[in-house]
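Architecture at a glance
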Amino acid sequence: MRSWKSRSRTRSEMHTLEARTRPLQGAHLPQLPHLPQLAQLLLGGMLCLAIASHTQTSAEAAGGRGSGPGAGGGGGAALGTSSSSAASTAISSDESGDPSSATAFSSLAQVSSLLPEASALSATSGLVEPYLDGYATSNVTTQIGTHAYLPCRVKQLGNKSVSWIRLRDGHILTVDRAVFIADQRFLAIKQPDKYWTLQIKYVQARDAGSYECQVSTEPKVSARVQLQVVVPRTEILGEPDRYVKAGSNVVLRCIVRGALEPPTFIMWYHGAEQLAADSRRHRTQLDPNLPEASGDGQSTIGSLIIESAKKRDTGNYTCSPSNSPSATVTLNIINGESSASAVTSSAATTRAYALSILALLLGVFIIGVGHRT
């Protein structure tokens with residue numbers, strides 16, 4: 001009686017285990033399209049181990065029965081027919097007290113019990129939305145003529161898109177790597193550290209303003225970047241018109257103030273002709289990182305030295321720094337004392353003319369007062 005009850009309980013457990021492990025067949029995995037790859041690999045690995053353990057246990061059990069008393073030379077036939085009924089083999093193994101079969105089915109039961117948790121994990125992972133790593137508003141300062149890089153770090157992007165918007169006119173600049181503006185200076189760069197960076201080449205003063213990085217979620221996730229463009233000041237020290245005596249040495253000094261970085265070079269031009277840095281009559285000199293007198297920042301001075309100036313050196317001279325606007329001065333070379341006296345006499349004539357006008361106005365005033373009296 002006890003043996004019959006034990007056998008009935010064993011059959012009942014077998015039906016229960018078969019019902020629980022039936023969803024583990026190969027046709028079940030495609031029904032979970034949303035499982036993460038890691039969960040699928042985990043379940044697949046555990047399933048393979050459980051099936052392999054069960055197959056090995058069934059084969060050992062069948063082999064034990066075939067080599068038992070009364071089997072004789074029919075052991076091979078018993079082994080060949082053992083795979084036709086896994087349930088019978090399991091029952092026999094259970095009756096004989098073999099623990100390995102119970103271990104195999106226990107592994108299958110554990111895998112089956114993990115399915116609801118894996119499904120819940122899959123459903124939870126599908127709800128994870130992208131988010132921006134960093135501040136909602138950031139500032140980037142760059143100098144005119146250089147390249148600006150506006151960062152936007154997005155985590156768990158998934159299949160969403162990242163867009164860059166110029167807020168002053170609402171213009172969509174980029175969507176992912178696609179560019180939607182005719183200005184070829186704009187470019188979206190995807191970097192390995194999850195940064196979607198907006199690059200602006202050869203920054204101009206009009207590029208200053210607010211830009212927004214947006215992720216295509218609902219509601220949208222966004223962050224703003226404020227771009228500040230520094231425009232250095234360039235000037236040539238002294239008067240805009242210079243008068244220099246022929247044969248003397250001339251030094252023109254071009255100063256660059258307010259730059260984030262000193263210019264790498266300062267080119268000099270005489271009219272449209274570029275002057276060599278070191279020639280027989282002209283040479284240049286660059287003095288970077290000079291402290292300002294006000295104590296606010298540093299400046300760079302580029303000098304042009306003209307030795308033994310001649311009449312042909314008359315004209316416009318322009319200094320052109322690598323990272324700031326140009327500046328121009330007019331140089332006049334006068335020939336000896338005659339030219340200098342001509343300039344002096346011209347100035348004296350101008351002063352005499354002004355005094356004559358004042359005397360005439362004063363006479364008219366006096367005459368007018370006399371008529372009234």
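Structure: above.
These notes cover the structure that comes with them. Quantities reported herein were computed from a predicted structural model and do not represent experimental measurements. (Residues numbered from 1 in each chain as written. Predicted model: local features only at pLDDT ≥ 70, side-chain atom pairs only at ≥ 80, totals over all residues. Heavy atoms only, no water.)

This next bit is on the state of the cysteines. In total, this model carries two disulfides according to the counting rule given. Sulfur-sulfur distance for the disulfide between cysteine 152 and cysteine 213 comes to 1.8 Å. Disulfide cysteine 152 to cysteine 213: torsion about the S-S bond roughly -60°, handedness left-handed. Residue cysteine 152 is located in the loop between strand E3 (148-150) and strand E4 (154-155), and its partner cysteine 213 is located in strand E10 (residues 209-215); the two are separated by 61 residues in the primary sequence. On the basis of relative accessible area, cysteine 152 is assigned to the buried category, the value being 5%. The class for cysteine 213 is buried, based on a relative accessible area of 1%. Disulfide pairing is shown between cysteine 254 and cysteine 319; the S-S distance is 2.0 Å. Residues cysteine 254 and cysteine 319 are joined through a disulfide that is right-handed, its torsion about the S-S bond being 55°. With cysteine 254 in strand E14 (residues 250-257) and cysteine 319 in strand E19 (residues 315-321), this pair connects stretches of sequence that are 65 residues apart. Classification of cysteine 254 as buried rests on a relative accessible area of 0%. Accessibility expressed as a relative area gives 0% for cysteine 319, which makes it buried. (Disulfide = S-S within 2.5 Å. Helix = DSSP H or I, 4+ residues; strand = E, 2+ residues; numbered from the N terminus. Buried < 20%, exposed > 50% of the residue type's maximum accessible area, 1.4 Å probe, protein only.)

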